[in-house]
Amino acid sequence: MEWWKDAIIYQIYPRSFQDSNGDGIGDIPGIISRLDHLQELGVGAIWLSPVYPSPNDDNGYDISDYKNINPEYGTLEDMDRLILEAKRRGIRILMDLVINHTSTKHAWFEKSRRRIEPYTDYYYWAPGNPDGTLPNNWTGFFGEDCWQWDDVRGEYYLHLFARTQADLNYHCPQVLDEVKDVLRFWLDRGVAGFRCDVINLLWKDSLADGEKRLALTGLEHYLSLPETHGILRQLRKVLDGYRAFTVGETVFVTPEMARDLCAEDRGELNMVFSFEHMECDQRFIKWLKRDFRPKAFFECLIKWQKELPWNTIYLENHDQPRSIPRFGSNSWWRESGKLLATLVLTLRGTPFIYQGQEIGMVDFDFDGVDQLDDVESRNVNRLLSAYHVPEGLRWRIISRTSRDNARTPMQWDDGPNAGFTTADKAWLGVNRNFHFINLADQENDPDSIWNWYKDLAKLRGEREVLRRGDFLWLECTHRVFVYRRRLGAESVTVALNFSGRPARVGSRGRLLRSNYHRDGFDGRLQPWEAVILEDV
Ligand code: ISL
Ligand code: CA
């Protein structure tokens, strides 16, 4: 049974979801205490960002032990209890599988740097060049080069991400055996599957110099190589024994690549996160923003709807700024928040909702660089400083793009620290707007973004056409997006106005939902209005 085609999946960033013991850091007992919230939303599965032991240079994406729980978050027993308590509410748990790299604090790395067998080749090691230059000219994801000298080993190691995230070497067969073992460990405990971090980069074909590019020189040596597909097929054999689910995080993925990764007969992944629609508001690299152009965004969504029989639908995660200021409008906060909810819950595919999205959380309100935590933002700040970019400009660039925008604590109520923690201070600043944006308030407001999400999630559950129906676009202009979902004789049209001005569309029908109060629909949309019509 393909449960994931009917489910809504909710992403939790554990550090920022709910603190239970007053240390200012979210944890697993905190998540358990909030499961009712997720059940009420109609969530079928939770994707948990990493909860493994980690020195937290990249907040858990630098894993130092794959088979345990970070003591900051709880214990293995807490995790077992989470799996059980979630199951009682009909919710599955997906873990984050980060196997492109480990923390340099992982025991494998400690042994590899000392050349203790069989760990010697678990990572990509290389001597420098006689002229003192790095092993090659590749550049990394976080605005640095990607080689770090290790005194113990007397060689450099490869890191595509932070300096303390060393890339695992899949040319060494033991590495894949270790990963299979990790999969079994968690599947035996009852997790339903995995979100697989940067999974299309696993295999590096050589360490030769790359073609010079504005960003990520070297990419052609590791992006979606055939051997990576082979690795995925091997992992799938383990996963199939448990009927487990996987979604791959696949950077730079094209529809063709995605089809190869997700085609049922190839036996690799179930679906992938593509990035193209999230790149409509950037030039070349994420730090160079341009104005959001809805038409390019709609066209991109249409392309992916057409090219793949099924895929993920998402607008937010822990790496991206919040969606309302980005694709909607802070001045039409409520309307545009509901419109974006409508988009996510009515396109064809599996909707992913990121924590806080369901109450319309917006970007952070930090005052300056000292309040940042994210390793990427701090690196970029350092890099820009080195090029003498003045502080004001640096802050303009970083504040709009920083991953911390999505990582501020969840806003539960208007008590101290938004109900996230009883500590004086949360690990990352709580947004001061929590007096206006919080769950408790929205529960009491029938017109809230929260109640809209709940209502649409329910509608999606009741109407098979919204889940399994095919997709057909009807109108796609610089601000209006109209599409139809159809299953047998059933047909539903969604019309969205991505602008602060009224708009007209050609569709009519019996009004099922609008984010305005109205009785019928004559083709006129209010600012940021979203309507769902039953075609008659
Ligand atoms: O966020 C990005 C750049 O701003 C992306 O390029 C991101 O680095 C890429 O999507 C990979 O992300 C994943 O792996 C990283 C981790 O830091 C991210 O949080 C994770 O989602 C390294 O493990
Ligand atoms: Ca805690």
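Cut-offs used in this document
Residues numbered from 1 in each chain as written. Chains lettered and ligands numbered in written order. Predicted model: local features only at pLDDT ≥ 70, side-chain atom pairs only at ≥ 80, totals over all residues. Heavy atoms only, no water. Pairing = 2+ DSSP bridges. Helix = DSSP H or I, 4+ residues; strand = E, 2+ residues; numbered from the N terminus. Donors = N, O, S within 2.8 Å, 3.2 Å for Na, K, Ca; no water. Buried < 20%, exposed > 50% of the residue type's maximum accessible area, 1.4 Å probe, protein only. Near = heavy atom within 4 Å. Polar contact = N/O pair within 3.5 Å; in protein donor to acceptor, adjacent residues only side chain to side chain. Areas by Shrake-Rupley, 256 points an atom, 1.4 Å probe, with all protein chains shown as cover. 1 Å grid on protein atoms, 1.4 Å probe; cavity = no way out; pocket = protein on both sides within 12 Å on 5 of 7 lines; lining within 4 Å. Sits in = over half its atoms within 2 Å of the grid points. Domains from an automatic or database assignment. Buried area = accessible area lost by both parts, 1.4 Å probe. Salt bridge = Lys/Arg side-chain N within 4 Å of Asp/Glu carboxyl O.

## A look at the pairing of strand S13 (residues 285–289)
So, point 1. When strand S12 (residues 282–283) meets S13, the two strands line up antiparallel, connected through two bridges. Looking at S13, one finds that Arg283 is bridged to Ile285.
So, point 2. Where S12 hands over to S13, the hairpin turn is made up of one residue, of which Phe284 adopts a positive phi near 55°.

## Digging into the coordination of the calcium ion (ligand 2)
So, point 1. Note on the calcium ion (ligand 2): its protein donors are Asp19 (OD), Asn21 (OD1), Asp23 (OD), Ile25 (O) and Asp27 (OD). The metal-donor distances range over 2.3 to 2.4 Å.
So, point 2. Here the donor residues of the calcium ion (ligand 2) are spaced in sequence according to D-x1-N-x1-D-x1-I-x1-D.
So, point 3. Owing to a relative accessible area of 6%, Asp19 belongs among the buried residues under this scheme.
So, point 4. The buried category is assigned to Asp27, whose relative accessible area is 2%.

## Thoughts on the site of ligand 1
So, point 1. Taken together, 19 residues lie around ligand 1, and Asp58, Glu249, Lys286, Asp319 and Glu376 are the ones closest in.
So, point 2. Between ligand 1 and the protein, one listed contact pairs an oxygen atom with a side-chain N or O atom of Asp58 at 2.5 Å.
So, point 3. One of the side-chain N or O atoms of Asp197 is found 2.8 Å from an oxygen atom in ligand 1.
So, point 4. Compared with its free state, where it exposes 490 Å², ligand 1 has 94% of that area covered by protein.
So, point 5. When atoms are counted within 2 Å of each cavity's grid points, the one that captures over half of ligand 1 is the largest pocket.

## Looking at the domain arrangement of the chain
Many descriptions give the size of an interface as the accessible area lost when the pieces come together.
So, point 1. Domain boundaries assigned for the chain yield domain 1 (1–89 + 311–364 + 406–462), domain 2 (367–401) and domain 3 (466–534).
So, point 2. Across the domain 1 to domain 3 interface the summed buried area is about 2200 Å²; carbon plus sulfur atoms make up 63%.
So, point 3. The largest contributions to the domain 1 side of the interface with domain 3 come from Leu339, Thr346 and Arg348, which together make up 27% of the buried area.
So, point 4. The interface formed by domain 1 and domain 3 includes three salt bridges.
So, point 5. Arg468 is the partner of Asp6 in a salt bridge, and the nearest nitrogen-oxygen pair spans 3.1 Å.

## Thoughts on the pairing of strand S1 (residues 9–12)
Consecutive side chains of a regular strand alternate in pointing toward one face of the sheet and then the other.
So, point 1. Covered by surrounding structure in S1 are Ile9 and Gln11 together with Tyr10 and Ile12, the residues of both alternating faces.
So, point 2. Where S1 and strand S2 (residues 45–48) come together, four bridges link them in parallel fashion. When the bridges of S2 are listed, Ile12 appears paired with Leu48.

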